[in-house]
Amino acid sequence: MQGQTRAITFEDDTPSVTIQNPYLDAARAAGVNVLEPDLPWWRLPCPSGWADSYSKRFELIKQYCYAIPNMEALKAIRAVGPVIEVGAGSGYWAWCLRQIGADVIATDSGDWPWDTMHTEVERESAAVSAERFPDRALMFCWPYMDKMAIEALTAYRGECVIYIGEGCGGCTATDEFFTALDEGWTEVRDVAIPSWYWINDRLTIYRRKTDGDALDRGTGADASGRDDADGDRGSRVEPAVGG
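Definitions and cut-offs
Residues numbered from 1 in each chain as written. Predicted model: local features only at pLDDT ≥ 70, side-chain atom pairs only at ≥ 80, totals over all residues. Heavy atoms only, no water. Helix = DSSP H or I, 4+ residues; strand = E, 2+ residues; numbered from the N terminus. Buried < 20%, exposed > 50% of the residue type's maximum accessible area, 1.4 Å probe, protein only. Contact = heavy atoms within 4.5 Å. Areas by Shrake-Rupley, 256 points an atom, 1.4 Å probe, with all protein chains shown as cover. Arc of directions from axis to C-beta. Salt bridge = Lys/Arg side-chain N within 4 Å of Asp/Glu carboxyl O. Axes fitted to C-alpha atoms, helices over the stretch in contact; angles between N-to-C directions. Parallel < 35°, antiparallel > 145°, perpendicular 65-115°, else oblique. Core = buried A, V, L, I, M, F, W, Y, C linked by side-chain atoms within 4.5 Å.

## Details of the overall build of the protein chain
If you tally the helices and strands in the protein chain, you get eight helices and seven strands. Counting only residues that meet the buried cut, the protein chain has 49% of its 243 residues in that class. A separation threshold of at least 6 residues defines the contact pool for the protein chain, and within that pool the share at least 24 residues apart is 69%. Accessible surface for the protein chain amounts to roughly 11700 Å². Of this, 50% is attributable to carbon and sulfur atoms.

Structure, rendered in structure tokens:
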């Protein structure tokens, strides 16, 4: 049975807070692109120490996670909460979200030996968690290129999906997952996040499509009001094939 339909709103009048985000600080020190996150990597000036920066990325991933959170992304997630994050890894995003008062349950299968756990993460498969919480927004952060993401998306009966990673053809999730998103979900928000050089990840929020979306497609406009007839995804940047 599908979860109860609810409106997705982005109003967030919660006072701003200062949080601990050591991953962002460390990434900035290593030369990550934090000043112009909307530019694709091929338009960025190549940093003189990019090779060292890329090596540093793997060191920091083991300590924190793959994607680097910023306040805009965290507030966008909080605005559509409560959240069930599957494949939460070290719990870094959940930890940052909890610092700003977001209601988030984090789960992970426990397959990856993270150097540090940042908050409580329940041990549970993604599909089981997604099915168990249809009343929460389903969040993926850099899902592996395996069946995890599509199995969780298929099991989910709720109305909102939060996806952080590269697009189809990139180094997160699978073609099957992106096909399912395209066929069954409508993009309602796209937020740039700090990205490593040669990595093109973003935060995208989707809502489940309704019968009314088919009528929108007949006019050449998507549910957010952007003209998408020629395949232009607005502010969304096409992904680089990363690794």
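Once you've had a look at it, read on.
## Observations concerning helix α7 (residues 175-184)
Taken together, the buried positions of α7 are Phe177, Phe178 and Leu181. Seen end-on, α7 carries its buried residues on one side only, within an arc spanning 95°. Counted as exposed and oriented over 90 degrees from the buried face of α7: Asp175, Asp182 and Glu183. Considering only its buried residues, α7 is in contact with β4 (137-141), α6 (148-155), β5 (160-165), β6 (185-192) and β7 (202-208).

## A closer look at the pattern of salt bridges
Counted under the stated rule, the structure contains seven salt bridges. Here Lys56 makes a salt bridge to Glu59, at a shortest N to O gap of 3.1 Å. Residue Lys56 and its partner Glu59 are located together in helix α2 (residues 50-63), separated by three residues, close to a single helical turn. For Glu59, a relative accessible area of 45% puts it in the partly exposed group. One salt bridge connects Arg132 with Glu122, and the closest N-O pair in it is separated by 3.4 Å. Placement of Arg132 in helix α5 (residues 126-132) and of Glu122 in strand β3 (residues 122-123) is noted, with a sequence separation of 10 residues between them. Each of Glu122, Glu124 and Arg132 takes part in one network of salt bridges that share partners.

## Let's talk about the packing of helix α3 (residues 71-79) against helix α4 (residues 92-99)
Look at α3 against α4: their axes get within 10 Å of each other, and the N-to-C directions meet at 75°. Overall, the two elements α3 and α4 adopt an arrangement that is roughly perpendicular. The residues of α4 that touch α3, namely those facing Ala73, Leu74, Ile77 and Arg78, are Trp93, Cys96 and Leu97.

## Brief notes about the nonpolar core
Most often, soluble globular proteins have nonpolar side chains that are buried together. The biggest cluster of nonpolar side chains holds 44 residues, and the ones touching the most others in it are Tyr23, Ile77, Trp93, Met139, Ile162, Ile164 and Leu203. Contributing elements (two or more residues each) for this core: α1 (22-29), α2, α3, α4, β2 (104-108), β4, β5 and β7. At six residues, the largest contribution of residues to this core is made by α4. Ignoring anything within four residues of it in the chain, the contact list for Tyr23 reads Leu60, Ile61, Tyr64, Cys65, Tyr66, Ala67, Ile68, Pro69, Tyr92 and Trp196.

Taken by themselves, the reported measurements are silent on function.
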